Amino acid sequence: MTSRETATRTTRRARFENEDILMTHLYIADCSPYPAGGIFHYIMDSDGALSPIGKTPADRPMYLAFDGDTLYALLRAPFAENESSGVCAFPIGADGALGAASDIVPTEGAVGCHLCAAFGAVYAANYLSGSVIRLPQDGTDSCLVVHHGAGADPARQDMAHPHYIAPTPDGRYLVCADLGMDTIFTYDPALHEASRLSMPVGCGCRHLVFSEDGAFAYCVNELSSTLSALSYANGNFAYLGSVPLDGGMPSAVRYRSGRVYAASRTDSRISVFEADGGRLAYLYSMPTGGVSPRDFALFGGFAVCANERGGAYGMRVGEGARPAPIPGRFEKAFCVVGRPCGAS
């Protein structure tokens, strides 16, 4: 890389870590039983200040995903008659308020932990049942795919444990990280397997994120406490290497302006890395405010962290970050998502 390219990238990152944001509707899921659990709604202003708007009760929401003017919520175990997880949909009003929830659709598996809306459908990963599903929608039947396999850790990898499902940036496939099998699967929209990548034995791949150009992905590995770099093209991944993380049990990972941000639960910090394709260089870490971060999101130069214990916190990204508590009675903050005010 030339000195001019390096200077351009450095300037872009410095601008990100100091930039303000548009007014943003922010939604934080608290994975507590009804009625304590639910989805907290805030508006974040251009200075990163949060104003509480309201709370929509929900039973143990694990994850949230947007699809136009709809917010989907993945509920851990909403049915009295079985242990299946379920998905419900909330219409989003012009003011960002959530309307009445739809009927709950079962995920046909236990402990659904991640979902996405893509290709005109909703997909979910069932951690405990080792399966991924395309939910029925607009008259189509559901499609359930069960993973078969195990890993090296008898306590955590006794069977398949899908933990993440999301569309690839080329808009052609879905990618699923299976913690129990140390495998990254690629599916077409009908959940036909397109490829699979074997990750390092015992790593426990959990979540991943793509670079802005879509040519690389970065995966946090829960069991080995590492961050892996992958290349991606046409539905195929290739493993490039891994670097250690500061703390153990990494949970969520984000990419922004040439940097990768990875949260670890044992030390409740976010490690920041310089990313140059497949090369990762550690820069610094910042606290998440609470204990055991399950998720975080980046908005302009700000980060919002959902901690399983201690609540949710916001902060300006950078060395010396000082997290500030977000108002709200959180028991188990699990997920945070947002979109600009006025978006649809």
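Structural data are supplied above this passage.
Keep in mind it's a predicted model, so treat the numbers as computed, not measured.

## Remarks on the overall build of the chain
Of regular secondary structure, the chain possesses one helix and 28 strands. For 344 residues, the compact-globule estimate of 2.2 N^0.38 gives 20 Å, and the chain sits close to it at 19 Å. Across its three principal directions, the C-alpha atoms of the chain cover 60 × 45 × 35 Å. Classification of the 344 residues of the chain by burial places 56% in the buried group. Sequence separation of 24 or more characterises 46% of the internal contacts of the chain that already satisfy a separation of 6 or more. Summed over its atoms, the accessible surface of the chain is roughly 13600 Å², and 51% of this surface lies on carbon and sulfur atoms. Measuring between centres, the 26 positive side-chain charges of the chain sit 6 Å from its 35 negative side-chain charges.

## Points about the packing of aromatic side chains
Applying the stated criterion across every chain, the model contains eight aromatic pairs. Residues Phe 40 and Phe 330 carry aromatic rings whose centres are separated by 4.5 Å and whose planes lie at 45 degrees to one another, so their mutual orientation is tilted. Within this pair, whereas Phe 40 is found in strand 2 (residues 38–44), its partner Phe 330 is found in the loop between strand 27 (324–325) and strand 28 (333–340), the two being separated by 290 residues in sequence. Both residues of the pair, Phe 40 and Phe 330, count as buried. Between Tyr 218 and Tyr 255, the aromatic rings sit 5.9 Å apart at their centres with planes inclined by 5 degrees, giving stacked as the arrangement. Linking Tyr 218 in strand 17 (residues 216–221) with Tyr 255 in strand 20 (residues 250–256), this pair joins segments that are 37 residues apart in sequence. With relative accessibility at 17%, the residue Tyr 255 sits in the buried group.

## Details of the environment of Ala 312
Tracing the chain through its elements places Ala 312 in strand 26 (residues 311–316). Ala 312 sits 22 residues away from Phe 334 along the chain, and the two C-alpha atoms are 9.0 Å apart. Those residues in contact with Ala 312 that lie beyond four places of it in its chain are Ile 28, Cys 305, Asn 307, Ala 324, Pro 325, Ile 326 and Phe 330.

## Focus on the environment of Pro 167
Tracing the chain through its elements places Pro 167 in strand 12 (residues 162–167). Separated by 22 residues in the primary sequence, Pro 167 and Pro 189 place their C-alpha atoms 8.8 Å from one another. Once residues within four sequence positions are removed from consideration, Pro 167 is found in contact with Cys 116, Ala 118, Phe 119, Tyr 173, Leu 174 and Phe 210.

## Describing unusual backbone geometry
Trans peptide bonds make up the majority, and among non-glycine residues the majority have a negative phi. Looking along the chain, the bond that leaves Tyr 34 and enters Pro 35 is cis, with omega of 10 degrees. Structurally, the position occupied by Pro 35 is in the loop between strand 1 (24–30) and strand 2. If you check the backbone angles, Ser 292 has positive phi at about 65 degrees while not being a glycine.

About the thresholds
Residues numbered from 1 in each chain as written. Predicted model: local features only at pLDDT ≥ 70, side-chain atom pairs only at ≥ 80, totals over all residues. Heavy atoms only, no water. Helix = DSSP H or I, 4+ residues; strand = E, 2+ residues; numbered from the N terminus. Rg over C-alpha atoms; globule rule 2.2 N^0.38 Å. Buried < 20%, exposed > 50% of the residue type's maximum accessible area, 1.4 Å probe, protein only. Contact = heavy atoms within 4.5 Å. Areas by Shrake-Rupley, 256 points an atom, 1.4 Å probe, with all protein chains shown as cover. Lys, Arg positive; Asp, Glu negative; His and termini not counted. Charge placed at Lys NZ, Arg CZ, Asp CG, Glu CD. Phe/Tyr/Trp six-rings, centres within 6.5 Å; stacked < 30°, edge-to-face > 60°.

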